[in-house]
Protein chains: 2
Amino acid sequence: MKIQQWGEEGFIEHLREQFLSTSEVLGIGDDCAVIPMEKEKVLLVTTDALVEGIHFLKDQISPQDLGYKAITVNISDIAAKGGRPLYAFLSIALPLSVDKEWLQQLTVGLKEGCDESNILLLGGDTVGSKRDIFLNISLIGTSLRSHVKYRHTAKVGDLICVSGFLGDSGGGLLALQKKVQRTEDIEQLIHAHFHPRAHLNEGIWLAGQENVHAMMDLSDGLDCDLKRLLKASHCSGEIEVTDLPISTTLKRACSSNGWDAERLALTGGEDYCLLFTVEPHAWKEIERQFQTQFGYSLYRIGQITEQAELLTYRKNDHVIDLSLKSFTHFHEK
Amino acid sequence: MKIQQWGEEGFIEHLREQFLSTSEVLGIGDDCAVIPMEKEKVLLVTTDALVEGIHFLKDQISPQDLGYKAITVNISDIAAKGGRPLYAFLSIALPLSVDKEWLQQLTVGLKEGCDESNILLLGGDTVGSKRDIFLNISLIGTSLRSHVKYRHTAKVGDLICVSGFLGDSGGGLLALQKKVQRTEDIEQLIHAHFHPRAHLNEGIWLAGQENVHAMMDLSDGLDCDLKRLLKASHCSGEIEVTDLPISTTLKRACSSNGWDAERLALTGGEDYCLLFTVEPHAWKEIERQFQTQFGYSLYRIGQITEQAELLTYRKNDHVIDLSLKSFTHFHEK
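Before going into details, it helps to say that this report is about the structure given with it.

About the thresholds
- Residues numbered from 1 in each chain as written.
- Chains lettered and ligands numbered in written order.
- Predicted model: local features only at pLDDT ≥ 70, side-chain atom pairs only at ≥ 80, totals over all residues.
- Heavy atoms only, no water.
- Phe/Tyr/Trp six-rings, centres within 6.5 Å; stacked < 30°, edge-to-face > 60°.
- Helix = DSSP H or I, 4+ residues; strand = E, 2+ residues; numbered from the N terminus.
- Buried < 20%, exposed > 50% of the residue type's maximum accessible area, 1.4 Å probe, protein only.
- Pairing = 2+ DSSP bridges.
- Axes fitted to C-alpha atoms, helices over the stretch in contact; angles between N-to-C directions.
- Contact = heavy atoms within 4.5 Å.
- Buried area = accessible area lost by both parts, 1.4 Å probe.
- Salt bridge = Lys/Arg side-chain N within 4 Å of Asp/Glu carboxyl O.
- Polar contact = N/O pair within 3.5 Å; in protein donor to acceptor, adjacent residues only side chain to side chain.
- Lys, Arg positive; Asp, Glu negative; His and termini not counted.
- Parallel < 35°, antiparallel > 145°, perpendicular 65-115°, else oblique.
- Left-handed = near helix turned anticlockwise from the far one by under 90°.
- Nonpolar A, V, L, I, M, F, W, Y, C, P; charged D, E, K, R; others polar.

Remarks on the packing of aromatic side chains
In this description, a pair of aromatic rings is defined by centroid distance and the angle of the planes.
Consideration 1: Following the criterion strictly, the structure yields 11 aromatic pairs over all chains and no others.
Consideration 2: Look at A:Trp205 and A:Phe290: their rings are 5.7 Å apart centre to centre, the planes differ by 75 degrees, and that puts the pair in the edge-to-face class. Taken together, the positions of A:Trp205 in helix H6 (residues 200-207) and A:Phe290 in helix H10 (residues 283-294) put the pair 85 residues apart, joining distant regions of the chain. A:Phe290 matches A:Trp205 in its accessibility class, with the two residues each being buried.
Consideration 3: Judged by centre distance (5.3 Å) and plane angle (85 degrees), the ring pair of B:Phe290 and B:Tyr296 falls under edge-to-face.
Consideration 4: Exposure remark for B:Phe290: the relative accessible area of 0% places this residue in the buried category.
Consideration 5: On the basis of relative accessible area, B:Tyr296 is assigned to the partly exposed category, the value being 23%.
Consideration 6: In this structure an aromatic cluster arises from ring pairing among A:Trp205, A:Phe290, A:Phe294 and A:Tyr296.

Observations regarding the sheet that holds strand E1 (residues 33-36) of chain B
Consider a sheet: its strands pair through backbone hydrogen bonds, and that pairing is either parallel or antiparallel.
Residue and element names in this part refer to chain B.
Consideration 1: The strand order across the open sheet formed by 5 strands is E1-E2-E5-E3-E4, and the pairing between neighbours is mixed. Both outer strands of the open sheet, E1 and strand E4 (120-128), are each paired with one neighbouring strand and no more. On average, adjacent strands in this sheet sit at an angle of 15 degrees to one another, irrespective of strand direction.
Consideration 2: Across 9 bridges, strand E3 (residues 84-94) lies against strand E5 (residues 134-144) in antiparallel orientation. The partner of Phe89 across the bridge, within E5, is Ser138.

Notes on the interface of chain B and chain A
Consideration 1: Taken together, the contact pairs 71 residues of chain B with 71 residues of chain A.
Consideration 2: Buried surface at the junction of chain B and chain A, summed over both partners, amounts to about 6800 Å²; 67% is from carbon and sulfur atoms.
Consideration 3: At the surface where chain B touches chain A, the tally comes to 4 salt bridges.
Consideration 4: Between B:Glu38 and A:Lys41 there is a salt bridge whose closest N-O contact spans 3.9 Å.
Consideration 5: Here chain B and chain A share 9 residue pairs in polar contact (both at pLDDT 80 or more) between them.
Consideration 6: Broken down by secondary-structure element, the contributors of at least two residues to the side of chain B that touches chain A are helix H1 (3-19), E1, strand E2 (41-51), E3, helix H3 (100-116), E4 and E5 of chain B.
Consideration 7: Take the side of chain B that touches chain A: its biggest share by element is 10 residues, from H1(B).

Structural notes on the pattern of salt bridges
Pairing of side chains with opposite charge becomes possible as their charged atoms draw close.
All names here are of chain A.
Consideration 1: With the rule as written, the count across this model stands at 38 salt bridges over all chains.
Consideration 2: Residues Asp30 and Lys81 are paired through a salt bridge, measuring 2.7 Å at the closest nitrogen-oxygen approach. Of this pair, Asp30 sits in the loop between helix H1 (3-19) and strand E1 (33-36) while Lys81 sits in the loop between helix H2 (63-80) and strand E3 (84-94), and the two are 51 residues apart along the sequence. Across this residue pair, the class does not change: Asp30 and Lys81 are buried.
Consideration 3: The shortest N-O distance in the salt bridge between Asp225 and Arg228 comes to 2.9 Å. Of this pair, Asp225 and Arg228 both sit in helix H7 (residues 222-233), 3 residues apart, roughly one helical turn.

Some thoughts on the sheet that holds strand E8 (residues 236-240) of chain A
Residues and elements named next belong to chain A.
Consideration 1: Across the sheet, 7 strands lie side by side as E7-E9-E6-E10-E8-E11-E12; this open sheet has mixed pairing. Strands with a single pairing partner mark the edges of an open sheet, and in this sheet they are strand E7 (212-217) and strand E12 (318-320). Recorded for the sheet is a direction-independent mean angle of 30 degrees between the axes of neighbouring strands.
Consideration 2: For E8 and strand E10 (residues 299-305), the ladder comprises 4 bridges, and the chain directions are antiparallel. Pairing of Ile239 across the sheet is with Gly302, part of E10.
Consideration 3: The sheet strands contacting H2 are E7 and strand E9 (274-278), and the helix crosses E7 at an angle near 170 degrees.

Focus: the environment of A:Ala308
All names here are of chain A.
Consideration 1: Within the secondary structure, Ala308 is located in the loop between E10 and strand E11 (311-315).
Consideration 2: Take Ala308: its relative accessible area is 59%, and that puts it in the exposed class.
Consideration 3: The sequence separation of Ala308 and Ile71 amounts to 237 residues, and the corresponding C-alpha distance is 35 Å.

Looking at the side chain of A:Lys100
Consideration 1: Along the chain, the position of A:Lys100 falls in helix H3 (residues 100-116).
Consideration 2: Despite its burial, A:Lys100 pairs with no opposite charge, the nearest such side chain being A:Glu101 at 6.0 Å.
Consideration 3: Contact partners of A:Lys100, with chain neighbours within four places excluded, come to B:Met1 and B:Trp6.

Some points on the packing of H1(A) against H3(B)
Consideration 1: Orientation of H1(A) relative to H3(B), taken along the N-to-C sense of each, is 20 degrees, at an axis distance of 11 Å. In this view, H1(A) runs roughly parallel relative to H3(B), as classed from their interaxial angle. Here H1(A) and H3(B) pass one another in a crossing that is right-handed. Between H1(A) and H3(B), the residues in contact are A:Ile3, A:Trp6, A:Phe11, A:His14, A:Leu15, A:Gln18 and A:Phe19 and B:Lys100, B:Leu103, B:Gln104, B:Thr107, B:Leu110, B:Lys111 and B:Cys114, respectively.
Consideration 2: Here the residues of the contact of H1(A) with H3(B) sort into 8 nonpolar, 4 polar and 2 charged.

What about unusual backbone geometry?
Residue and element names in this part refer to chain A.
Consideration 1: The phi angle at Lys179 is positive, at roughly 50 degrees, despite the residue not being glycine.
Consideration 2: Structurally, Lys179 can be placed in the loop between helix H4 (168-178) and helix H5 (184-194).
Consideration 3: Exposure remark for Lys179: the relative accessible area of 72% places this residue in the exposed category.
Consideration 4: Even without glycine at this site, Asn316 takes up a positive phi of about 45 degrees.
Consideration 5: Within the secondary structure, Asn316 is located in the loop between E11 and E12.

These figures come from the coordinates and say nothing about function on their own.
Set out below in structure tokens:
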């Protein structure tokens, strides 16, 4: 059997079975591993790889954006657990054809991302590669045990919320793939794709709210990631697609190019904002305080329901079938 | 400028300059980062990548050996600082052509290596790859701050020692490259190359000896790695090549095939035993106790001298010029 059939989730499940343990460690299969340390402190560890030809094309993304994105996608995982990132480790595999100038610009972007979040790059491994560039970052952060939010802690009745627009990055990728004309809107979407922002301070703030029950970051698209949250929490969810936060930029680009904005919002991937669930009675107050703190809105898009691990989409209160194809790294893009 | 000219060391130096900090963290540029935690405890973090076509050929190494080797090379870095490994994180990039059975065997080897050293695999990232397989492991360990040995702490007059035979793995690789006949000796060398052993308990024991001053693991060959230790310690070294520990297996294979055993011992790479320096007056006692503890000998191969960062080879007390070409991952193998 080839891995295309077995799938990424199949292999991860296999690893989990093989290495299942009764240890103290939490967060296996979540955005980060959560390792208890002295007293109330926990260590958060995450690792994310970017591969040439799969996650990026060298002639499309600037090395500076690539370096920034490589650290950002890891910061986003720490943010999703409500932690602060501290130390980064870079493994990089480089073919002989790579230029010194390209690498120096990669370092500029990496440093920009590290400096913004007070992260120290402490080490790594620099190796050769036959053909493609591989970049892997491991990021260590810290939090308090009682503050960490998980995927498996959503409760029936919770509101399903996100901390930012969905689909901009997916729209940028589609624009690159379709080679559409570079209008101002298209440039903005491409920027969202190449230079995402991790919702770090938002994650720390949301993790401090006891009425936020579950949290994760959106890396593979809401449809795919919410299903993971529902599976981990053993519950179902209903999304009202008219409530999906879609930027006016994406709406305009979709209308100009005949793209489906809702589909991009659900499956485009690489949004790197936060998906979380909230106790309904606390929503208004959390929404208000968040707006005061960060100067923009949170979005309520659905609700956790009781049946087992199903995701239902509604449009103006009618159940609809979107037949979505989820984002997976084993498909060729 | 292409990275072949700039080189691995050039890029690492560039990263170090960009990310240089006045933080509490030790061990930057060493085998592990050493992060102070509560009280006397330190966290050790290392990361090592294996790339298809550079570090392994998929049709030569079994997936089980590859999984075992991927974790072992990381354990070796923790061993070199005298720590205990605890938690591993696997990033793996896989092309669509990889079989489920191959991945399951990789997991068997990975688990074998983790179980031997009581390591928990806690997470990672599974992604696609266009063509080549890329494996990265990050390993977190722990030690006491006062126990950690570094590369930069060798002292003038110290004896230079190693904890095992040199060149077996390099001989195995050469045998594979030259496609020589698979005698019993050759099979043993290939086994050393595909299934190396990390000197973990030896590292913990040596780190506990206050008269062991500097330590690192041998991954890129004695010539290359000792030069790194000398540079970090701002001193020179002299090696007596007749004292290099070369197994009878390697000697026989070299004599049958017309290979240079000393050259393999110095530049073959991937030995994964420990290189360390010892206060001369303590050598006899450390040698004796090590023999009692582990049932085999340590090897004394040279001495640290005063001039700045030079490595000299002697043969029967005459200085010789070996014109060695060091192991670097940016060269095609």
